[in-house]
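Coordinates in review
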Amino acid sequence: MQVIIDSTAKCVNQAAERFSALLRRKPDAVLGLATGSTPEALYGKLIEQYKAGIISFKKVTTFNLDEYVGLNGDHPQSYRRFMQEKLFDHVDIDLKQTHVPDGVHTTPENAADYDKMIEAAGGIDLLLLGIGNNGHIGFNEPGSSFDALTHIVDLNESTRQANARFFASINEVPKQAVTMGIHTIMQARSIILMAFGAGKSQAIAGAVTGPVSADVPASVLRLHPDVTMFVDDGAATDIKV
Ligand code: GLP
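Residues numbered from 1 in each chain as written. Predicted model: local features only at pLDDT ≥ 70, side-chain atom pairs only at ≥ 80, totals over all residues. Heavy atoms only, no water.

1. Points about the sheet that holds strand E7 (residues 151-154)
Note the threshold: Any two strands with at least two DSSP bridges between them are considered paired. By definition, any uninterrupted DSSP run of H or I lasting at least four residues is a helix, any uninterrupted run of E lasting at least two residues is a strand, and each is numbered from the N terminus. In this analysis an axis means a line fitted to C-alpha atoms, helices contributing only their contacting stretch, and an angle means the value between N-to-C directions, from 0 to 180 degrees.
Taken together, the three strands give an open sheet; going across it, the order is E4-E8-E7, and neighbouring strands pair in antiparallel fashion. With partners counted over all chains shown, the strands left at the sheet margins are strand E4 (66-68) and E7, one partner each. For this sheet the average axis-to-axis angle between neighbouring strands, irrespective of direction, equals 25 degrees.

Listed below in structure tokens is the structure:
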């Protein structure tokens, strides 16, 4: 695993360049995408590059990591809506080629069909991850099995609190989500994780220097052959070298 520590802006630029280089080399790439505050600036860079004619999304296929259970794609806080607003509506992507887990129709029995769709598309070339304050990736909370495929999870109270800022009140934050499992994530050929701000420093320290353990789900990434973490100065403060 490669850990790059730099300013937030330089982390964003370098991560965006990795996506851009992939799209120039492989215009029909399969991307894994994340939501949250962290990837927003990166999506902004990709939109700029599209508008400048440097990259196109015409042949790209995307699979998002997760979605809240109970929110349909029109709900303002749904991750489908986030992706439309932050990326898809601004580039030439074919919406039929964009996939976000279905927060309304997914059941424990059919959730892993998402993995079959990823496989049918040829697997994910490059997957983008953020990290939760508690070390979660996607919505794989501490204690999650490393063998899990896409499944429905109960959200930790701390995760609901952290994400309450996007909702009118904590009561509106869904209690469950559909998420790619850790096995699904580890199947991606290449992974980028971005972490910004001091609030992520404990999770990053655990992921980078602690034991590989389900207690810090992101630590599993150390077992993957091609992971780059872009960590800004704030998020790097607890890494002890
Ligand atoms: C949510 C998402 C994660 C994301 C995390 C961090 O819980 N399910 O995929 O990485 O939030 O979000 P942010 O980037 O807003 O800190």
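2. Structural notes on the pairing of strand E3 (residues 61-64)
How we decide: To sort residues, take the accessible area from a 1.4 Å probe on protein chains only and compare it with the maximum for the residue type: under 20% means buried, over 50% means exposed, and anything in between is partly exposed. With strands facing away from the observer, any crossover in which the path from the first strand over the helix to the second runs clockwise is taken as right-handed.
Alternating positions in E3 separate into two faces, Thr-61 and Phe-63 on one and Thr-62 and Asn-64 on the other, with burial throughout. The pairing of strand E2 (residues 30-33) with E3 spans four bridges and is parallel. Each bridged residue has a counterpart across the sheet, and for Leu-31 the counterpart in E3 is Thr-62. You can see the chain leave E2, run along helix H2 (residues 40-51) and come back into E3, and the turn it takes is right-handed.

3. Overview of the packing of H2 against helix H3 (residues 79-86)
What counts, and what does not: Angle categories: roughly parallel below 35 degrees, roughly antiparallel above 145, roughly perpendicular from 65 to 115, and oblique for all the rest. Any pair of residues with heavy atoms lying within 4.5 Å of one another is described as a contacting pair. Lys, Arg, Asp and Glu make up the charged group, whereas Ala, Val, Leu, Ile, Met, Phe, Trp, Tyr, Cys and Pro make up the nonpolar group; the residues left over, Gly among them, are polar.
At their nearest, the axes of H2 and H3 sit 10 Å apart, and the two run at 40 degrees to each other. Considered as vectors, H2 and H3 are oriented oblique to each other. Residues Glu-40, Tyr-43 and Ile-47 of H2 touch H3, and the partners they reach there are Phe-82, Met-83 and Lys-86. Residues belonging to the contact of H2 with H3 are distributed by class as follows: four nonpolar, no polar and two charged.

4. Quick notes on the site of the ligand
Defined as follows: The criterion for a residue being near a molecule or strand is simple. One of its heavy atoms has to lie within 4 Å of it. Contacts described as polar in this section are N or O atom pairs within 3.5 Å, which, within protein, must combine one atom able to donate a hydrogen with one able to accept it, while residues neighboring in sequence count only if both atoms come from side chains. For accessible areas, the Shrake-Rupley method is used with a probe of radius 1.4 Å. Any residue's cover is judged against the shown protein chains and nothing else.
Close contacts around the ligand come from 13 residues, with Ser-37, Thr-38, Asp-66, Arg-165 and Lys-200 the closest. Within the backbone of Ser-37, one N or O atom sits 2.8 Å away from an oxygen atom of the ligand. At a separation of 3.3 Å, an oxygen atom of the ligand approaches a polar backbone atom of Ile-131. Calculation on the ligand without its partners gives an accessible area of 390 Å², and the protein chains cover 94% of this total. Taken together, the residues of the shell around the ligand sort by class into three nonpolar, seven polar and three charged.

5. Looking at the side chain of Asp-66
Using the following cut-off: Working convention for charge: Lys and Arg count positive, Asp and Glu count negative, and His plus the chain ends are omitted. Only one rule defines a salt bridge in this text: a Lys or Arg side-chain nitrogen within 4 Å of an Asp or Glu carboxyl oxygen.
Within the secondary structure, Asp-66 sits in strand E4. Arg-80 provides the closest opposite charge to the buried, unpaired Asp-66, separated from it by 12 Å. With sequence-adjacent residues up to four places away left out, Asp-66 is seen in contact with Thr-35, Tyr-79, Val-100, Pro-101, Gly-138, Phe-139, Val-178 and Thr-179.

6. Remarks on the packing of helix H1 (residues 8-25) against H2
Short version of the rule: Should the near helix be turned counterclockwise from the far one by less than a right angle, the crossing is left-handed, whereas a clockwise turn marks it as right-handed.
The interhelical angle for the contact between H1 and H2, taken along N-to-C directions, is 50 degrees, at an axis separation of 9 Å. In terms of their interaxial angle, H1 and H2 are classed as oblique. Of the two elements, H1 crosses H2, and the hand of that crossing is right-handed. Taking contact as the criterion, the partners of Val-12, Asn-13, Ala-15, Ala-16, Glu-17, Phe-19 and Ser-20 in H1 are, on H2, Ala-41, Leu-42, Lys-45, Leu-46 and Gln-49. The residue makeup of the contact of H1 with H2, split by class, is seven nonpolar, three polar and two charged.

7. Quick word on the sheet that holds strand E5 (residues 98-99)
Strand pairing in a sheet relies on backbone hydrogen bonds. The paired strands run either parallel or antiparallel. As summarised here, the arrangement of the seven strands in space is E1-E10-E9-E6-E2-E3-E5, forming an open sheet in which the pairing is parallel. Strand pairing shows two members of the sheet lacking a second neighbour, strand E1 (2-6) and E5, which therefore form its edges. As judged from the five bridges shared by strand E9 (residues 190-195) and strand E10 (residues 227-232), these two strands associate in the parallel manner. The partner of Met-194 across the bridge, within E10, is Phe-230. Contacting E1, E2, strand E6 (126-129), E9 and E10, H1 crosses the sheet at an angle of about 150 degrees to E10.

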